[in-house]
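Below, each chain spelled out in residue letters.
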Amino acid sequence: MKKIFIILIISVSILSAQKITGNQLLDKAIDIMNPEASRATLIQTIRTTSGETRTLKYRSFTAGEGEMTLMRYLEPARVRGNAMMMKNFADDIWMYNRRTRRVRKLASHAKRQNFEGSDFTYEDMGTGESWKEDYIPKNKGKSKVNDVECYQLECFPSENANVAYSKMVVWLRTSDYYPVQVDYYKDGELLKKLIMENIENIEGHPTATNMVMKNVQQNTRTVMEYEEITYDVEYDQNFFSERRLRR
Amino acid sequence: MLKKLFIFFLLITTAFSKVYWFGYYETELDYISLPDKQLYTNYHKLRLDMDVSPSNNIRIAGNVIYKHFEGETEYDFMNFLPEYYHTLRYSDGEPIVKIPSFEYNLQDTLFIDNIFLELHHQYFDLIIGKQQLPTGSGYAWNPTDIFNTKDIFDPTYENRGVNAFQLKIPLGVRYNLTGIIEPAENVDEFKQYYEIKAWLGNFDIALSYSRSQYDPTSVNDLLAQYTDVPMNRASLVLNPAVTREIAGFDAEGELLGLGVRTEIAANRIDFNNDALHYEYIVGADYTFRNSLYIMTEYYHNDFGVPAQKTELINYLNYFNYEIKSLNQNYILGMVRYPITDLIDVSLSSIANLDDESMTINPKIVYRIYQDVELTLFGNYFYGNDQRDEFGYQEAMVRLRLRAYF
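Once a new chain begins, its residue numbering starts again from 1 and follows that chain's sequence as written. Whichever chain is written first becomes A and whichever ligand is written first becomes 1, with later ones labelled in order. Since the coordinates come from a predicted model, pLDDT governs what is reported: local features require at least 70, and pairs of side-chain atoms require 80 or more to be given and counted, while whole-chain, interface and lining totals use all residues. With hydrogens and water stripped out, all remaining heavy atoms of the structure feed into the side-chain values.

A. View of the overall build of chain B. Helical segments are the DSSP runs of H or I of at least four residues, strand segments are the runs of E of at least two, and each set is numbered from the N terminus. Looking only at helices and strands, chain B has three helices and 22 strands in total. With C-alpha atoms as the basis for the radius of gyration, the globule rule is written as 2.2 Å multiplied by the number of residues raised to the power 0.38. Taken against the 2.2 N^0.38 rule, which gives 22 Å for 405 residues, the C-alpha radius of gyration of chain B at 23 Å falls within 12% of a compact globule. Seen through its principal axes, chain B has C-alpha atoms that stretch 65 × 55 × 50 Å. Long-range contacts, defined as pairs at least 24 residues apart, comprise 56% of the intrachain contacts of chain B with a sequence gap of at least 6. Here the Shrake-Rupley method, with its probe set to 1.4 Å, supplies the accessible areas, and only the displayed protein chains count as covering residues. As displayed, chain B offers around 19700 Å² of accessible surface, 58% of which is attributable to carbon and sulfur atoms. Each charge sign in chain B was given a centre, from 32 positive and 55 negative side chains, and these centres are 5 Å apart. A contact between two residues is defined here by any heavy atoms of the two lying within 4.5 Å. Counted as positive: Lys and Arg. Counted as negative: Asp and Glu, with His and the chain ends omitted from the count. One atom stands in for each charge, and that atom is NZ of Lys, CZ of Arg, CG of Asp or CD of Glu.

The structure is reproduced here in C-alpha cells:
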C-alpha cells in the first residue's frame, strides 16, 4: 500500500512537471518579446469612430530588455517633436512638449491613457514586465489560433493591482512562446483584441511587423507596423536621459 | 552687431542644410459678458516654425507669429471691475481719486517669438537666443518661474520666448545643472536662474536660486499720472526697483499611486528687512481605469492681499503680472474624460478661497481631422459682484480652431 502511494505521488509530480505553469509561460513570452535593445520607426494607422484614417509615426529606442524606452513623434504635425521616455518598465515616465520645451514627470497611472487617440494605451505598448506583478497567469492548455498551436494563458488581476483590464487572454505559439493574440476584457466583457501578424525572424528575433488592435466596443482599429527595425544597436549609457529627451 | 552676426550665421546655415518648416493657423472667437456690456473679439494667428540642424551638435530653430484682431479691440480695464475699484484708495481704504479709465488696445502684430541656437557638447548644452524657459512643476501657477506668466484659464498655452543664455550640464542620467541669464541694459537688472535637478526614487526634484528686479506699480506711481489729486498723504516718492531673490524647491512624482507635485518659492525682497515671502503649490492627479483623469492644485501666495483689503492697485499689480495672484489662497480642480477617440471633455473650477468666489470652466476638445483641433472653453463666474475677484464678470466663452501644418 505504501509503495502504491509513493508511485502515485511520483507519477503526479512527473505529470505536473511536464505542464508548464502560467508564470513560466508569462516569463518566456516577456523574454522573447523584449530583446536586449532595439531601434525602430513605427507607423500607427488609426481608424477612428468617424470612420476616417489617421496616421501617427514615431521613432522608438529601447534598451535593457525593455526596461528603458524613448519615443519621439515624427508625424502628424500636431505632435511632431514631442517625446516620451519610460524607465523601470514604465514605472517612471517623462513627457516632453516641443513647443513649450517642458519636461514633465508623470505618475505611472498615466499609462492608462490612450496613446495619441489610438486604441493602444501606453500600458499596452509596454514590455509586459508589469504583468508579472499585476496579473495572476494560468495556463489553460493548448488551442489553435489560425492553425497555429498555442498555449492559452488567462490573466486575472492580482489583489490590489491597479490595472486597466479585468482579464486578459493571451495565446502564445508553442514553438517559441511568441504571442499571436491578446484579448482584453473590461468588467467581464471583451473590450479589445490584439492580433500579431506577419511574424518574421529579424536578426534572430521573432517580430510581428504588423500588430492590429481592434476595439470591439467602439468599433475602432489601430494597425501598428514597423517601417524599420534593428536589434543590432548599442546605446551610450546616458542615452536614456532628460537631455536626450529634449533633443 | 551680435544680432546681425546671428542672422548672418542663420542664413549661411540654412542655405546648406535641410530646413524643416511647419507651424499652425489658429483663430479664436471670444465672447465676454459683463453686467452692462457684452464684448466680442476675434483673432487670427499664424505661427511659422523653422528648424535646421547642420550637424548633430548644432541646431537652429525659431518661429514668427502674426496676429490679427477683429471685433472689439479697444478695451477699458475698468469695465472689468466693479464700481468700488474705480477709485484709487490707500491701503486703509481711504479714497484718493476716481480713475476714469485704463485703456488698452489689441493691435495687429508680427514678431519673432523664438529664435535660438543650440550647441551640444559632450559635457554641456548651450542655448542662446529667444527661447522657451519653463521652470517649476505647477500646472496653473509656478511660484519659482521668473520668466513667464500664465493664464490660469488656459495654463498650457505656449509662452512667448525669452531672450537668454542657457547652459545645461548633465551629470550622468540622474542630475542636471542649469544656469540661465536673461540680459538687460544694466548688469544689476540681469535675470539669473540656477537649478540643480535630480531624479531620485519616483521623483524629479529641483533646487533653484534666482535673482531678478522687483518693481510693482505703486499707488504713488498712479498718483504721478493724476496731478490734481490731494497730496497730503502721498509723498510721490516712487519706490526704486529692488532685488528679488528666490530660493526654490520643486518636486514631481508618484506617491501611493497618486501623481503628486509641489513647488515652493521663498522670496526675499531686500527693502523688506529680509523677511521671507512664501509662494507654494501642492497638487495631485490620478487616472482611473476608465481613463477618467482628475487633478487638483492648491496655491498660496504671500504677495497677494487678504480679500477684504483688495484695492485697485492690487488688480493693477495682478494684471501687469507683477504678482501671480490677486489674493492669497486658491484651489483648482479638474476632471477630464475622453468620451470618444476624437473628443475630450473636461470641467475645471478655480476657487478664490479668500473671498469665496469661483469659476466653473467646461471645455470640449474635438480633433476634427488629424491636424485640426476645435476647442470650446467656457468660464462662468460666481461671487459677490461688488467686491469679489470672480464676482463681477458673468461669463466668457472662447471658440478656438487650430490647424497644424
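B. Region of the structure containing the side chain of B:E322. All names here are of chain B. Tracing the sequence through the fold places E322 in the loop between α3 (312–319) and β18 (329–338). Exposure categories follow from relative accessible area, calculated using a 1.4 Å probe and restricted to protein chains: below 20% of the type maximum is buried, above 50% is exposed, and the middle band is partly exposed. Salt bridge, as used here, is a side-chain nitrogen of Lys or Arg placed within 4 Å of a carboxyl oxygen of Asp or Glu. Despite its burial, E322 remains without a salt bridge, the nearest opposite charge being carried by R244 at 9.6 Å. A distance of 2.8 Å separates the side chain of E322 from the side chain of T217, its partner in a polar contact. In contact with E322, other than residues within four places in its own chain, are Y214, D215, P216, T217, R244, L316 and N317. For the purposes of these results, a polar contact is taken to be a pair of N or O atoms within 3.5 Å, where, inside protein, one atom must be able to donate a hydrogen and its partner to accept one; residues adjacent in sequence count only when each atom of the pair is a side-chain atom.

C. Region of interest: the pairing of β18(B). All names here are of chain B. Both strand β17 (residues 293–301) and β18 contribute to a ladder of eight bridges, which runs antiparallel. Paired with H300 across the bridge in β18 is N329. Note: two strands are recorded as paired if DSSP finds a minimum of 2 bridges between them. In the sheet, β18 pairs with strand β19 (residues 343–352) via nine bridges, with the strands oriented antiparallel. From the neighbouring strand, R336 faces β19, where its bridge partner is S346. Between β18 and β19, which pair antiparallel and follow one another directly, the connecting turn spans four residues.

D. Region of interest: the environment of A:T53. Assignment of secondary structure puts A:T53 in strand β2 (residues 53–63). Contact partners of A:T53, with chain neighbours within four places excluded, come to A:T45 and A:I46.

E. Looking closely at the interface of chain A and chain B. Each partner contributes to the interface: chain A provides 45 residues, whereas chain B provides 66 residues. When chain A packs against chain B, close to 4400 Å² is buried across both sides, 43% of that on carbon and sulfur atoms. Considering only the surface of chain A that becomes buried against chain B, A:R99, A:R101 and A:R243 emerge as the three largest contributors, covering 17% of it. Between chain A and chain B we count six salt bridges in total. Computed with a 1.4 Å rolling probe, the buried area is the accessible surface lost when two parts are put together, summed over both parts.

F. The arrangement of unusual backbone geometry in detail. Following A:E75, the chain continues to A:P76 via a peptide bond in cis, the omega torsion being 0 degrees. One can find A:P76 in the loop between β3 (68–75) and β4 (83–87). Even without being glycine, A:F89 reaches a positive phi, approximately 55 degrees. Relative to the assigned elements, A:F89 resides in the loop between β4 and β5 (92–97). Classification of A:F89 by relative accessible area gives partly exposed; the value is 26%. Non-glycine residue B:S291 carries a positive phi angle of around 75 degrees.

G. Highlighting α3(B). Residue and element names in this part refer to chain B. Burial runs high along α3: seven of the eight residues are buried. Looking at α3, one finds that the buried residues are L312, I313, N314, Y315, L316, N317 and Y318. Buried positions along α3 lie against β5 (87–89) and α2 (219–223). With its phi angle positive at about 60 degrees, Y321 sits one or two positions after the end of α3.

H. Inspection of the pairing of strand β16 (residues 276–287) of chain B at higher detail. Residues and elements named next belong to chain B. Pairing geometry for strand β15 (residues 258–269) and β16, over ten bridges, is antiparallel. Note that in β16 the partner of A265 across the bridge is E279. Note that β16 and β17 share nine bridges and pair antiparallel. When the sheet's bridge partners are listed, Y286 is paired in β17 with I294.

I. Focus on the pattern of salt bridges. The final tally for this structure, using the stated rule, is 34 salt bridges over all chains. Of the charged contacts, one joins A:E227 and A:K57 as a salt bridge, the two residues approaching to 3.3 Å between their closest N and O atoms. Of the two residues, A:E227 sits in strand β13 (residues 220–230) while A:K57 sits in strand β2, which places them 170 residues apart along the sequence. A salt bridge links B:K45 to B:E158, with the nearest nitrogen and oxygen atoms 3.6 Å apart. Here B:K45 is found in strand β2 (residues 37–55), whereas its partner B:E158 is found in the loop between β9 (125–131) and β10 (162–171), with 113 residues between them in sequence. Take B:K45: its relative accessible area is 4%, and that puts it in the buried class. Taken together, the salt bridges that share partners define one network made up of A:R98, B:K45, B:R47, B:D49, B:D113 and B:E158.

J. The arrangement of the nonpolar core in detail. All names here are of chain B. Among the buried residues, those of types Ala, Val, Leu, Ile, Met, Phe, Trp, Tyr and Cys that are joined through side-chain atoms within 4.5 Å form a nonpolar core. Formed by 45 residues in total, the largest nonpolar core has its most connected members in L88, F102, W141, L312, L332 and I350. Contributions of two or more residues to this core are made by β1 (19–34), β6 (95–98), α2, β17, α3 and β18. If one sorts the elements of this core by residue count, α3 sits on top with five residues. Not counting the four nearest positions on each side in its chain, L312 is found in contact with F77, M78, L81, Y85, T87, L88, I99 and F102.

K. Highlighting the confidence of the model for chain A. Confidence of the predictor in every single residue is expressed as pLDDT, which spans 0 to 100. On average, chain A scores 88 in pLDDT, and the residues at 70 or more come to 92%. Here residues 12–17 of chain A is a poorly scored stretch, pLDDT under 50, and it has zero contacts once near neighbours within four places are set aside; other chains count.

L. Just the side chain of A:T100, in detail. Here A:T100 is to be found in the loop between β5 and β6 (102–106). A relative accessible area of 15% places A:T100 in the buried class. Leaving out residues up to four positions away in the same chain, A:T100 has contacts with B:Q132, B:P134, B:T156 and B:E158.

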